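Okay, here's what each chain looks like letter by letter:
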Amino acid sequence: MSQYDVVVIGSGPGGYVAAIHAAQSGLKTAIVEREPTERLGGTCLLRGCIPTKAMLHTADMLETLKKGDEIGVMASDVALDMAKMHAYKAKVVKKNAGGVSYLMKKNKIDVHLGHGRLAGKGKVSVEAADGKTQTLSTKNVILATGSTCFHLPFIDMSPARVLDSDGILELEEVPEHLVVIGAGAVGTEFASVFLRYGSKVTLIEMAPRVLPSEDHEVCAEAEKSFKKQGMTVLTSSKVTDVKADDKGVKLVVETKKGDKTSSQTIEASHLLVAAGRAPRTQDIGAKGTKIKINDRGVVEVDEFLRTGEPGVYAIGDIVNTAWLAHVASKEGILAVDHIAGKNPRPINHRLVPMCTYCSPEVASVGLSEEAAKEAGYDVKTGVFPFSAIGKAAILNKTEGFVKIVADKKYDELLGLHIIGPKATELITEGTLAMELESTIEELLMTIHPHPTLAEAVAEAAHAAMGHAIHI
Amino acid sequence: MRSEVVMPQMGESVTEGTVTAWLKEIGDFVERDEPLFEITTDKVDAEVPSPLAGVLVERLAKVGDTVEINTVVAVLDTEAKAGEVSAASHEAASAPAKAASASSGAVSASSGGSATALASPAPTTTSAASSNGVPSREELRRTRSTPLVRRIAQEHGIADLSPIEGSGMSGRVTKADIMAFIESGAHQGTNGSTGPIASQPAQQTRQAPAAPPITLGDRDRYEPLGPQRAAIAEHMTRSRATSAHAHTIHEIDFSAVFKARKRMKAEFEERGVKLTYTAFMVKAVADALRAFPVVNASLDGDQLVYRGDINVGVAVALEASLIVPVVRNVDELSLLGVARSINDLAERARKKRLKPDEVRGGTFTLSNHGIFGAEFGVPIINQPQTAIISTGAIKKRVVVDQKTDAIMVRPTAIFCMSFDHRTIDGATADAFLAHIRTTLEGWE
Ligand SMILES: Cc1cc2nc3c(=O)[nH]c(=O)nc-3n(C[C@H](O)[C@H](O)[C@H](O)COP(=O)(O)OP(=O)(O)OC[C@H]3O[C@@H](n4cnc5c(N)ncnc54)[C@H](O)[C@@H]3O)c2cc1C
């Protein structure tokens, strides 16, 4: 039996990145994955980021081509072929998962297929699909078991037309009328996919705003755009009852307006429950260890991702930080650096970029205007619309804006909020600037190429200083 | 015996001086009180007399170098004979430069011979440093830090970031690091290299708002501010930001002073003294200051410092600037003594022959706007004083006798007093000016 320095349980973007970094740091490393086939990459690759973005790309392309005649591309009879879309999506997923397998081999990481559990001090047991169990001996364990779809207790998920985000990825037809519960990233992305695939879409959100964790101006702009595109958006609305059969779903929705609550019944062909994710920490062998798991299933860790049990770390969707692939990866690297004794810097979770790939895209980093005020900053903002940006006009995508939130005292950048074309790419400029503790001045001094969408960031910086150029 | 000559303090708020000329070569013998070098400060151009007789053996500042007060700039050998030391080996190798990174309070004349020790890291040009002695962002950038940190450092007058442990990438000093440093109070120590610049009460002064950008036309040109102009600019802005300026304006009848002057002029002239109206005014101001000690006071934090001496500064306009020589203990002088002092100081100010002491220690300032016929001017307080008077031209004006309603033509001047409303109220200011008026109008 070989002795490992690190055994990683789970091969999502947290786990596989941690494994590679550990191997590169000279640690003898193994990874355990319980996906029935050798499909590495976790939620992100198989059922999350990658397949959804593939579906969104098809939707973007459809939308672009449908509007082609506006810019001289006469593509008649633009239509969606769902089967081909699925084939393309599967190819992308396969390519990525294959890439992870290749990286495991390249870095000489042992891959053990099966359900991994902590099995006493320095031991991890791996139970293969056929029930055969082996025990790995290791100095350190990184738990990276990720998350699953969260289901609302009052909704029966068994009818074929009631779907979670895993299920909707496999849907072969375009729903006639899709109701989406939850206007967070996952909900709005699928709503945005199927709206453009041709479904009638109703988006229901309990909070008063769509994308509730974003800056309020951004939420308002997103909602405005969704509605303009033909989506029905119900905020401050709660689904209280769901009935479904093979033909369709019937929901009761209560909407609050001020003090008044009104109720309506919605009939639709399909329902997507996108009400959140749940950490996968039930069967990981934590019992009898000093690992603390709270009542929401989240593992408690310190700033270096250490659990209460010596030598056991936890990262990604099972800990209480933003549940995003890039956060999981960063945590994997930090945990490994800590194991390797590199005295690493903890992650600044204030500087995690949040991206939603719906249309228009939404991305943000740092504090929203509201949060900055609440934190006691004397806030100033600079907003610049894409409608005044040449490149946006060229792309025929002039919706949205860039908003800078800064502190008046030192012009410290507190947040960057983008809604509009390529927002998820553009946000990196703000993330880097904030990581470097830039002030508005540095952003403003940076020469932005013309014509690009990035100019909007520089213009927002000018606007924050009270003198936008192109407006 | 080797003896050090330091940059003298020329005026209350002067923190540095620029050497403009050396009047002696290395190896030259210099008499005590014989001019050794020339300096320019924000307040004054002056020759600095040698404090001792001896041979100049070292010049530690080059022409053009700006150094803090009390920085050693020359070394004399009091026992050597002229010509005994050669020039080459003792010329300052490099500029001691503006000791921007050192706290001025930390540097004293007795702190040792090497002036270069003051300047670490030594910026080679004085222009890189902003005028208030805090280094520019460019200078701070040399220490690993973030843009935000540099702003915070500048605001807190932290000149040197090197004592701060950086927790950021590759040891960069981050916002959290500098905030912790400031909170710990470590930068307040006077004997580190990180002290705030003395006489810069950061909390008390408001930051001047940035001016809007200037659009340049073809025929516009740039010219740098001279050191005195730059310093006046800085002091005036700072004074406005420090004191709560309030103003009161009185018209004073000079008929009595006219008569008195006419009567005394010849007699004064015989004694070699030109009797000016300014002498009367200074005398009247001194008497009023004695009657109203609060106007002769300064505010230090939340305490008033009542000044024992009554030293009135008289603003003298020079070609491109302004200097305020001080008539000391005016209240103890006769009118003749006052007149003589003023003549002497003004004369020497114009010839750049004022001694450092003579521009220091003023407790009140009198300024004259009347030369070009101005009715009155509204002056800015000369910190850390608490009030200032500016007079307009003495002109014949029509006045109405308040008792008889008779219309008369009388020589009058309009006095404007700017006072710091934090320490003086309107009533006190008016009573003070009324005191001056009574003195001048009733002169016998
Ligand atoms: C629809 C959807 C879209 C998303 N889009 C984005 C996006 O665009 N950008 C973004 O940043 N994030 C996105 N996310 C979130 C992202 O997928 C997760 O944050 C990320 O995958 C978390 O990584 P992880 O490594 O913690 O866990 P996971 O990716 O969930 O991986 C955990 C892995 O561990 C395995 N495992 C679990 N238990 C065991 C066990 N006991 N033994 C062995 N193996 C085990 C699982 O099979 C799984 O492969 C999306 C999520 C969803 C659902």
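Residues numbered from 1 in each chain as written. Chains lettered and ligands numbered in written order. Predicted model: local features only at pLDDT ≥ 70, side-chain atom pairs only at ≥ 80, totals over all residues. Heavy atoms only, no water.

For chain B, an unreviewed UniProt entry supplies the name Dihydrolipoamide acetyltransferase component of pyruvate dehydrogenase complex and the organism Lujinxingia sediminis. Taken directly from UniProt, the Cofactor (unreviewed entry) text for chain B runs: "(R)-lipoate". The Sequence similarities (unreviewed entry) field of the UniProt record for chain B holds the comment "Belongs to the 2-oxoacid dehydrogenase family." (UniProt positions renumbered as here; feature names shortened; annotations may be inferred.)

If you check an unreviewed UniProt entry, chain A appears there as Dihydrolipoyl dehydrogenase from Lujinxingia sediminis. The Catalytic activity (unreviewed entry) comment attached to chain A in UniProt states, word for word, "N(6)-[(R)-dihydrolipoyl]-L-lysyl-[protein] + NAD(+) = N(6)-[(R)-lipoyl]-L-lysyl-[protein] + NADH + H(+)".

*Asks:* Explanation requested: the overall build of chain B in the structure shown.
*Replies:* For chain B, the helix and strand inventory stands at 8 helices and 19 strands. When each of the 444 residues of chain B is scored for burial, the buried share is 48%. (Helix = DSSP H or I, 4+ residues; strand = E, 2+ residues; numbered from the N terminus. Buried < 20%, exposed > 50% of the residue type's maximum accessible area, 1.4 Å probe, protein only.)

*Asks:* Looking at this model, I keep getting lost on the side chain of Lys403 of chain A. Mind explaining?
*Replies:* Residue and element names in this part refer to chain A. With respect to the helices, strands and loops of the structure, Lys403 is situated in strand E21 (residues 401-407). Relative accessible area serves as the criterion here: at 0%, Lys403 is assigned to the buried category. In contact with Lys403, other than residues within four places in its own chain, are Asp215, Glu217, Glu369, Thr381, Gly382, Val383, Gly415, Leu416 and His417. (Contact = heavy atoms within 4.5 Å.)

*Asks:* Got a minute to help me understand the packing of aromatic side chains in this structure?
*Replies:* Two descriptors summarise a pair of aromatic rings, namely the distance from one centre to the other and the angle between the planes of the rings. Residues and elements named next belong to chain B. In the structure shown here, the tally under the stated rule is 8 aromatic pairs over all chains. Taking 5.1 Å as the distance between ring centres and 45 degrees as the angle between the ring planes, the aromatic pair formed by Trp22 and Phe37 counts as tilted. With a gap of 15 residues between them, Trp22 in strand E2 (residues 16-22) and Phe37 in strand E4 (residues 35-40) connect regions that are remote in the sequence. Judged by its relative accessible area of 12%, Trp22 falls in the buried class. Given a relative accessible area of 0%, Phe37 falls into the buried group. On the numbers, 5.7 Å between centres and 55 degrees between planes, the contact of Phe364 with Phe432 is tilted. Here Phe364 is found in strand E16 (residues 364-368), whereas its partner Phe432 is found in helix H8 (residues 426-441), with 68 residues between them in sequence. The exposure class assigned to Phe432 is buried, which follows from its relative accessible area of 0%. Members of the aromatic cluster, each reached through a chain of ring pairs, are Phe254, Phe258, Tyr277 and Phe415. (Phe/Tyr/Trp six-rings, centres within 6.5 Å; stacked < 30°, edge-to-face > 60°.)

*Asks:* Hey, could you run me through the UniProt feature "domain: Peripheral subunit-binding (PSBD)" (unreviewed entry) in chain B in this one?
*Replies:* As annotated by UniProt and renumbered to match this structure, "domain: Peripheral subunit-binding (PSBD)" (unreviewed entry) occupies residues 144-182 of chain B. Counted over residues 144-182 of chain B, helix gives 44% and strand 0%. Its end C-alpha atoms are 17 Å apart.

*Asks:* Could you clarify how one ought to interpret the pairing of strand E14 (residues 260-268) of chain A in this entry?
*Replies:* Where a strand is regular, its side chains alternate between the two sheet faces. All names here are of chain A. In this sheet, E14 lies alongside strand E13 (residues 249-257) in antiparallel orientation, the contact comprising 9 bridges. Each bridged residue has a counterpart across the sheet, and for Lys257 the counterpart in E14 is Lys260. Counting the residues that bridge the hairpin from E13 to E14 gives 2 residues, and of these Gly258 lies at a positive phi of roughly 65 degrees. (Pairing = 2+ DSSP bridges.)

*Asks:* Sorry, what's going on with the sheet that holds strand E15 (residues 270-273) of chain A here?
*Replies:* The strands that make up a sheet are held in pairs by hydrogen bonds between backbone atoms, and each pair lies either parallel or antiparallel. Residue and element names in this part refer to chain A. An order of E8-E15-E9-E10-E11 is seen for the 5 strands of this open sheet, with the pairing classed as parallel. Of all the strands in the sheet, the pair left with one neighbour each is strand E8 (162-163) and strand E11 (232-234). Sheet topology places strand E9 (residues 177-181) next to strand E10 (residues 200-204); 5 bridges connect them, and they run parallel. Of the residues in E10, the one forming a bridge with Val180 is Leu203. Strand contacts of helix H6 (residues 185-197): E9, E10 and E15, with the helix running at about 165 degrees to E10, the strand carrying the most contacts. (Axes fitted to C-alpha atoms, helices over the stretch in contact; angles between N-to-C directions.)

*Asks:* Honestly, the site of the ligand in this entry has me stumped. Any pointers?
*Replies:* Residue and element names in this part refer to chain A. Neighbouring the ligand are 38 residues; Glu33, Thr43, Lys53, Gly116 and Ala325 lie closest to it. In the environment of the ligand, an oxygen atom lies 2.9 Å from a nitrogen or oxygen atom belonging to the side chain of Asp317. The backbone of Trp323 places a nitrogen or oxygen atom 3.3 Å from an oxygen atom of the ligand. Burial of the ligand by the protein chains amounts to 96% of its free accessible area of 990 Å². Where the shell around the ligand is concerned, the elements lending two or more residues are strand E2 (29-33), helix H2 (42-46), helix H3 (49-66), strand E4 (115-118), H6 and helix H8 (325-339). Classifying every residue of the shell around the ligand by side-chain character gives 13 nonpolar, 18 polar and 7 charged. (Near = heavy atom within 4 Å. Polar contact = N/O pair within 3.5 Å; in protein donor to acceptor, adjacent residues only side chain to side chain. Areas by Shrake-Rupley, 256 points an atom, 1.4 Å probe, with all protein chains shown as cover. Nonpolar A, V, L, I, M, F, W, Y, C, P; charged D, E, K, R; others polar.)

*Asks:* Whenever I open this one, H8 of chain A confuses me. Can you help?
*Replies:* Given 3.6 residues per turn, any residue in an α-helix points the same way as the ones three and four places further on. Residue and element names in this part refer to chain A. For H8, built from 15 residues, the straight-helix expectation of 21 Å at 1.5 Å per residue is met to within 8% by its first-to-last C-alpha distance of 21 Å. Every buried residue belonging to H8 is among Val327, Ala328, Ser329, Glu331, Gly332, Leu334, Ala335, Val336, Asp337 and Ile339, and all of these are buried. Contacts made by the buried residues of H8 are with strand E1 (3-9), helix H1 (15-24), strand E6 (133-143) and strand E17 (312-314). (Expected span 1.5 Å × (residues − 1).)

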